[in-house]
Amino acid sequence: MNFFDEIILVGKMYKRDCSNGPTAVMYALQHEFNKSGIKCTTRALSEDITKIQFLIRLAGLIKVRNKIINVHINGFVSAMFVLLISRVNKKCDFFLTIHGIYREQIKYYKSHDYVWLYKKLEKYIYNNFPNIICVSELCKETLYKNFTPKGNIYVIENGIYDMEYVISKKRKLNKLFVFLGGLQEIKGIEQLIFIFDRLVYLDTEVKLKIYGSSTDRQREQFEKNIVERGLKKYVEYGGMLKNRTDIIRAYQEADYHISLSKFDTFNNTIIEAMNYGCVNISNTKSGAAHFIKNRYTGFIINDDVENSDMAELLFSILNSVDVENYNMIATNAKAAIAENGWSNIAKNYISVFGME
């Protein structure tokens, strides 16, 4: 058995992405590993180095000894590169953390000339990487549905900061919804606008604030859509939230966080909302949706519900949940994610790495 004296994280670590996605996970894990006394460094693509320099740094992994190499997949080139290195370097253990399944996600994005290549790379990597960490049971199920992995498979969920945050009890409900999926089709934005169009017809006091990434084309289509539907005074897009303070404020201001992802291996916004006292209304197509027990820690929407019926369901929730019931659900939700602080998640990684 090898003795491991360091964890090396591999992936993309652009500062602009430090609050979400695989980049945020890498930043959080590095902080927690070092805080626990385990040396953790990174070999990451960032604003400070070119792609060529990055690959040269990765090539140096051939020579390292007694390290844990943990790749956080965010594109396939680095994962493929490290997989080939693992065939040569037998003095380290290699782990791949999967944050998405491209074969599922591409169904909801604009196709391009290299889809066939990315699918082949994904298949080869997932079938042959020696150790794979899935961020949810849904991720694991989807992995086995699409591929035949030969390596060891583990499940370690993502975590959140601010576990000590004390949620404030609501004194009144303002019928404000928040959606942090941006204007991405895979996050369900088109379905959400359709539902809200119907919901506004039922209750003119509702509001929706949308945050997250978008392209120029998506913003143009969004503006056209809400103007044509007469939703300009009810629906607002606020762009990307710049820091954790803004993220927390978005949850604090809203009554309900809504998640309608078409496929999401985890979806951190669900457990963030639970941590900051914003009650979730979600379908079951996100890995983190298992934390939501209907009417106990949030509200679950069955995936086969029609959009018009979904609007009726939201209207029913607005009119049946009083402040006392709301605060009870928010308290239950906070308790349900008590083990998902980043310190605990890092311990799970350390255990899987055999470094306890």
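Model, not experiment: these values are computed from the prediction.

Trainee: Looking at this structure, I do not really get the sheet that holds strand β8 (residues 207–210). What am I missing?
Mentor: Strand pairing in a sheet takes place through backbone hydrogen bonds and is either antiparallel or parallel in direction. The sheet built from six strands is open, its strands ordered β9-β8-β7-β10-β11-β12 with parallel pairing. The open sheet terminates on both sides in strands that have one partner only, identified here as β9 (235–237) and β12 (299–300). One ladder, built from two bridges, connects strand β7 (residues 176–179) with strand β10 (residues 256–259); its direction is parallel. Following the sheet pairing, Val178 is matched in β10 by His257. Relative to the sheet, helix α11 (residues 307–320) contacts β7, β10, β11 (279–282) and β12, its axis offset from that of β10 by approximately 160°.

Trainee: Explain the nonpolar core to me, please; I cannot follow it from the model alone.
Mentor: In summary, soluble globular proteins display a tendency toward joint burial of nonpolar side chains. Counting residues in hydrophobic clusters, the biggest one holds 50 residues, and the most contacted among them are Phe177, Ile210, Val235 and Tyr256. Of all the elements, helix α7 (residues 189–202) adds the most residues to this core, at seven residues. With sequence-adjacent residues up to four places away left out, Ile210 is seen in contact with Phe179, Gly182, Leu183, Ile189, Ile193, Phe222, Val235, Glu236, Tyr237, Gly238 and Gly239. Listed in part, the 48 residues of the second largest apolar core include Leu83, Phe94, Phe129 and Cys134.

Trainee: How should I be thinking about the sheet that holds strand β6 (residues 152–155) in this particular structure?
Mentor: Taken in spatial order, the six strands make up an open sheet running β2-β1-β3-β4-β5-β6, and their pairing is parallel. Taken across any chain shown, the strands that pair with only one partner, and hence form the sheet edges, are β2 (40–45) and β6. Sheet twist, expressed as the mean angle between neighbouring strand axes with direction ignored, is 20°. Alignment of strand β1 (residues 6–12) against strand β3 (residues 67–72), held across five bridges, turns out to be parallel. Of the residues in β3, the one forming a bridge with Ile8 is Ile69. Against the sheet, helix α3 (residues 77–88) makes contact with β1, β3 and β4 (93–98), and its axis sits at roughly 155° relative to β4, the strand it touches most. In the packing of helix α6 (residues 137–146) onto the sheet, contacts are made with β4, β5 (131–134) and β6, and the angle to β6 comes to roughly 150°.

Trainee: Just to check I follow, could you spell out the pairing of β5 for this structure?
Mentor: Residues in a regular strand project their side chains so that they alternate between the two faces of the sheet. Of the two faces of β5, the one holding Asn131 and Ile133 and the one holding Ile132 and Cys134 are both buried throughout. Where β4 and β5 come together, three bridges link them in parallel fashion. When the bridges of β5 are listed, Thr97 appears paired with Ile133. In this structure, β5 lies alongside β6, joined through four bridges in parallel fashion. Bridged to Asn131 within β6 is Asn152. As a crossover connection, the stretch from β5 through α6 into β6 is right-handed.

Trainee: Is there a simple way to explain the packing of aromatic side chains in this structure?
Mentor: Within a pair of aromatic rings, the relevant descriptors are the distance that separates the centres and the angle that separates the planes. Counting across every chain of the model gives 16 aromatic pairs. Relative to Tyr237, the ring of Phe222 has its centre 6.0 Å away and its plane inclined at 65°; by these criteria the two rings are edge-to-face. Within this pair, whereas Phe222 is found in helix α8 (residues 216–228), its partner Tyr237 is found in strand β9, the two being separated by 15 residues in sequence. Three or more aromatic residues joined by ring pairs make a cluster, and in this case those are Phe33, Phe95, Tyr154, Tyr349 and Phe353.

Parameters and conventions
Residues numbered from 1 in each chain as written. Predicted model: local features only at pLDDT ≥ 70, side-chain atom pairs only at ≥ 80, totals over all residues. Heavy atoms only, no water. Pairing = 2+ DSSP bridges. Helix = DSSP H or I, 4+ residues; strand = E, 2+ residues; numbered from the N terminus. Contact = heavy atoms within 4.5 Å. Axes fitted to C-alpha atoms, helices over the stretch in contact; angles between N-to-C directions. Core = buried A, V, L, I, M, F, W, Y, C linked by side-chain atoms within 4.5 Å. Buried < 20%, exposed > 50% of the residue type's maximum accessible area, 1.4 Å probe, protein only. Right-handed = clockwise from strand over helix to strand, strands pointing away. Phe/Tyr/Trp six-rings, centres within 6.5 Å; stacked < 30°, edge-to-face > 60°.

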